[in-house]
Amino acid sequence: MNVNLNKKGRIQLIVSRIVVYAILIFVTILCLFSFYMLIINSTRSNGQLQAGFSAVPQGHFIENLKNAWNDASINIPRGMLNSFIIASLSAILTTYFSAMTAYGIHVYNFKFKKAAFFFILAVMMIPPQVSAVGYVQLMYKLKLTNNYLPLIIPSIATPVVFFYMKQYLESVLSLEIVEAARMDGSNEFRTFNCIVLPIMKPAIAVQAIFSFVTSWNNYFIPALLLDKANMKTVPIMIAQLRSADYSKFDMGKVYMFILLAILPVLIVYICLSKLIIKGVTNGSVKG
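Notes on the structure in this doc start here. Per chain, residue numbering runs from 1 following the sequence as it is written. The model is predicted, so local features are restricted to residues of pLDDT at least 70 and side-chain atom pairs to those at 80 or more, both for listing and for counting; the totals for chains, interfaces and linings are taken over all residues. Side-chain numbers come from the whole structure's heavy atoms, not from hydrogens or water.

Topic: the layout of surface pockets
The method works on a 1 Å grid over the protein atoms by themselves. A cavity is a set of points holding a 1.4 Å probe that cannot get out, a pocket is an open set with protein on both sides within 12 Å along at least five of seven lines, and residues with an atom within 4 Å of a point line them. Grid points are joined across faces, edges and corners, and a volume is the space filled by probe spheres set on the points. Empty space within the largest pocket amounts to approximately 1300 Å³. Pro128, Pro154, Ser155, Ala157 and Thr158 are, among the 39 residues lining the largest pocket, the residues nearest its centre. Elements with a contribution of two residues or more to the lining of the largest pocket: helix 4 (76–107), helix 5 (113–124), helix 6 (128–141), helix 7 (149–152), helix 8 (159–172), helix 11 (201–216) and helix 12 (220–225). Residue type decides the class: Asp, Glu, Lys and Arg count as charged, Ala, Val, Leu, Ile, Met, Phe, Trp, Tyr, Cys and Pro as nonpolar, and the leftover types, Gly among them, as polar. Partitioning the lining of the largest pocket into residue classes produces 24 nonpolar, 15 polar and no charged. Under the DSSP-based scheme used, a helix requires at least four consecutive residues in state H or I and a strand at least two consecutive residues in state E, with every element numbered from the N terminus.

Below you can see the structure in the form of structure tokens.
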């Protein structure tokens, strides 16, 4: 009887594993399919793209790359550099200052602690489009158009990142560690920079990836503030290609530019994902 039960349990375990792996494989294929089609479309000419769907690569990759790279209306290297500067600085600022704010709310006890926390959460509920008009008008009055500062400085205050950091700190940071550092003579900034930040590496890496991608793909505010050709970012240039005259419109060129625009995001993800895996591994070993 026990042998039959053990056999049934093993069969159920094997079946459940097969189902789980099948679902994971399906979801993986579904996620990677769009990237695959982007690569395929970047190898097809404008005429082939207008002809319809094809899952087979064609031989126009180098041609599309030359057409996109040498397009007179855009400057791909400059646009990617502009986007990288804005996205990288935004990611650094938002992760550091959000982590610092979360540390302050988590560690210190003060009179309006709960009120400050709920106020930040309330700000998180406000869509950025609501304040965009007033913000753009303010930037025009301050003569900060065609400047990267209005696209970078607001990232210091990012309620969503703060909330994530706060929840992460509550799960990993014991207040006894902070008290021990204070007893050893460490000041607050040194405690935060040398003790708390290394503990938060996985959370910082996750939010840095999200912040970088969000800033890299941001079109709305940059399109309202940047009109000089040498200041434009990648999303603006892609929209500029898509809005070209129909007689000059080249879908192969657009897909190639989108493919080039994704590469820096993939590089940043690969670099920062190592910190996530390392942090999870260290946490599991300590546990």
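Section: the side chain of Asn46
Looking at where Asn46 falls in the secondary structure, it is placed in helix 2 (residues 46–51). Asn46 gets classed as buried once you look at its relative accessible area, which sits at 19%. Non-local contacts of Asn46, meaning those with residues more than four positions away in its chain, are made with Phe249, Asp250, Met251 and Gly252. The buried label goes to any residue with under 20% of its type's maximum accessible area, the exposed label to any with over 50%, and the partly exposed label to all in between, with areas taken from a 1.4 Å probe on protein chains only. Any pair of residues with heavy atoms lying within 4.5 Å of one another is described as a contacting pair.

Quick look at the nonpolar core
Within this scheme, the nonpolar core is defined by two criteria: the residues are buried Ala, Val, Leu, Ile, Met, Phe, Trp, Tyr or Cys, and they are joined through side-chain atoms within 4.5 Å. Ile74, Ile76, Phe212, Trp216, Val234 and Phe257 are the most contacted members of the largest nonpolar core, which totals 24 residues. Here this core gets 9 residues from one element, more than from any other, and that element is helix 14 (residues 251–286). Sequence-distant contacts of Trp216, defined by excluding residues within four places in its chain, comprise Met80, Ser83, Phe84, Ala87, Val234, Pro235, Ala261, Pro264 and Val265. Listed in part, the 20 residues of the second largest apolar core include Val107, Met165, Val178 and Leu197.

Topic: the packing of helix 4 against helix 5
Simply put, an axis is a line fit to the C-alpha atoms, just over the touching stretch for a helix, and the angle between two N-to-C directions goes from 0 to 180 degrees. Closest axis-to-axis distance for the helix 4/helix 5 pair is 10 Å, and the angle between their directions is 145 degrees. Once helix 4 is placed against helix 5, the crossing between them reads as left-handed. Every residue of helix 5 that contacts helix 4 at Thr101, Ile105 and His106 is listed here: Lys113, Ala116, Phe117 and Ile120. Per-class residue counts for the contact of helix 4 with helix 5 are 4 nonpolar, 2 polar and 1 charged. Crossings are assigned a handedness: left-handed for a near helix turned anticlockwise from the far helix by less than a right angle, right-handed for a clockwise turn.

A closer look at the environment of Met165
Examined against the element boundaries, Met165 turns out to sit in helix 8. A residue is classified by how much of its surface remains accessible, and Met165, at 0% relative accessible area, is buried. Non-local contacts of Met165, meaning those with residues more than four positions away in its chain, are made with Thr95, Ser98, Ala99, Ala102, Met200, Ala203, Ile204 and Gln207.

Notes on the packing of aromatic side chains
In this analysis, rings of Phe, Tyr and Trp, with Trp reduced to its six-membered ring, are considered paired at centre separations within 6.5 Å, and the interplanar angle assigns stacked below 30 degrees, edge-to-face beyond 60, and tilted for intermediate values. On inspection of all chains with the given rule, the structure shows 9 aromatic pairs. Each residue in the set Tyr96, Phe97, Tyr103, Tyr108 and Phe192 is aromatic and connected to the rest through ring pairs, giving one cluster. Taking NZ or CZ as reference, Lys166 lies 5.1 Å from the ring centre of Phe117, over its face. Any Lys NZ or Arg CZ that is within 6 Å of a ring centre and within 35 degrees of that ring's normal is treated as a charge sitting over the ring.

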